[in-house]
Amino acid sequence: MNAEERARLLRLKRLEKIRAIAKQTAAREAAEAESTLSQLRMLTDRTGKLAADYGARRGSQDGASLRQLAGFVDGLGMLTRNTRADAQRAEAIADAKLRMLAEAERRRSAVEERFRLQEKLIARGAEAPALGSRKQTGTDLV
C-alpha cells in the first residue's frame, strides 16, 4: 500500500466520522422537533377541549357572569388557534429536520461505501498476483 492510498483511506475514515457526527446531530434535532410538535398538539387538544367545555356551560346567574364566561371562552379559542398555528409551524420544522436527517444518513453512507471500496482496492493491490500457466509459444505441431 503506497502513501497516497494510505492518505486517501485515512481521509475517508475521518470524513466518515465527521458525517456520523453530523448524522447524530441531525437525529437529535429531529427528535427535539418531533417532541415539540407532540407537546404542541397535546396543548392544542387540551385548550380546544377546555374551550368546548366552558362554552357548553349554561348556568350564568346574570349578564356580567355571562359576559365574563364568553370572554374567557373567546380567550381560550384564540389560544387554541394560536397553538394550532404553532403546531403547524412545528410540523413543518420537524419535517425539514427529518429530511436533513435522511440527507445526513445518505452522505454518511456514501462516504462509508467509498471507504470500503478504497479498502478493497488497497487489499487487492497487496495481494500477490496469481501465477498461471505460461503462455505457450510456437505451434501445436510436435
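Report follows, based on the coordinates. The structure presented is a predicted model; accordingly, all values stated were derived computationally and were not measured. (Residues numbered from 1 in each chain as written. Predicted model: local features only at pLDDT ≥ 70, side-chain atom pairs only at ≥ 80, totals over all residues. Heavy atoms only, no water.)

With respect to helix α1 (residues 3-55)
No. 1: The terminal C-alpha atoms of α1, which comprises 53 residues, lie 77 Å apart, in line with the 78 Å expected from a rise of 1.5 Å per residue.
No. 2: Taken as a whole, α1 has its buried residues at Leu9, Leu12, Leu15, Glu16, Ala26, Ala30, Ala33, Leu37, Leu40, Thr44, Thr47 and Ala51.
No. 3: Two or three places before Glu4, at the start of α1, stands the capping residue Asn2, its side-chain oxygen 3.1 Å from that residue's backbone nitrogen. (Helix = DSSP H or I, 4+ residues; strand = E, 2+ residues; numbered from the N terminus. Expected span 1.5 Å × (residues − 1). Buried < 20%, exposed > 50% of the residue type's maximum accessible area, 1.4 Å probe, protein only. Polar contact = N/O pair within 3.5 Å; in protein donor to acceptor, adjacent residues only side chain to side chain.)

Overview of the packing of aromatic side chains
Aromatic ring pairs are described here by two measures, namely the spacing of the ring centres and the angle between the planes.
No. 1: Summed over all chains, the structure comprises one aromatic pair.
No. 2: Aromatic pair Tyr54 and Phe72: ring centres 4.9 Å apart, planes at 80°, arrangement edge-to-face. On the criterion of sequence distance, the pair formed by Tyr54 in helix α1 and Phe72 in helix α2 (residues 63-126) is long-range, its members being 18 residues apart.
No. 3: Looking at Tyr54, the relative accessible area reads 24%, which means it is partly exposed. (Phe/Tyr/Trp six-rings, centres within 6.5 Å; stacked < 30°, edge-to-face > 60°.)

With respect to a positive patch on the surface
No. 1: Taken together, the side chains of Arg8, Arg11, Arg14 and Arg114 present a region of like positive charge at the surface.
No. 2: For the positive patch, the element with the highest residue contribution is α1, accounting for three residues.
No. 3: Tracing the chain through its elements places Arg8 in helix α1.
No. 4: A relative accessible area of 36% means that Arg8 is categorised as partly exposed. (Patch = residues over 30% accessible without salt bridge, like charges linked within 9 Å, V, L, I, M, F, W, Y side chains within 5 Å. Areas by Shrake-Rupley, 256 points an atom, 1.4 Å probe, with all protein chains shown as cover. Salt bridge = Lys/Arg side-chain N within 4 Å of Asp/Glu carboxyl O. Lys, Arg positive; Asp, Glu negative; His and termini not counted. Charge placed at Lys NZ, Arg CZ, Asp CG, Glu CD.)

Description of the pattern of salt bridges
Pairs may arise between side chains of opposite charge once their charged atoms sit close together.
No. 1: Overall, the coordinates contain 13 salt bridges when judged by the stated rule.
No. 2: With a shortest N-O distance of 3.3 Å, Lys97 and Glu29 are connected by a salt bridge. Placement of Lys97 in helix α2 and of Glu29 in helix α1 is noted, with a sequence separation of 68 residues between them.
No. 3: Taking the relative accessible area as the measure of exposure, Glu29 reaches 24% and is therefore partly exposed.
No. 4: Glu119 serves as the salt-bridge partner of Arg116, at 3.3 Å between the closest nitrogen and oxygen. Here the residue Arg116 and the residue Glu119 both occupy positions in helix α2, the gap between them amounting to three residues, near one helical turn.
No. 5: The class for Arg116 is partly exposed, based on a relative accessible area of 32%.
No. 6: Accessibility expressed as a relative area gives 33% for Glu119, which makes it partly exposed.
No. 7: Three or more residues joined by partner-sharing salt bridges are found here, namely Lys23, Glu105, Arg108, Glu112, Arg116 and Glu119.

Nothing here speaks to function; it is all geometry.
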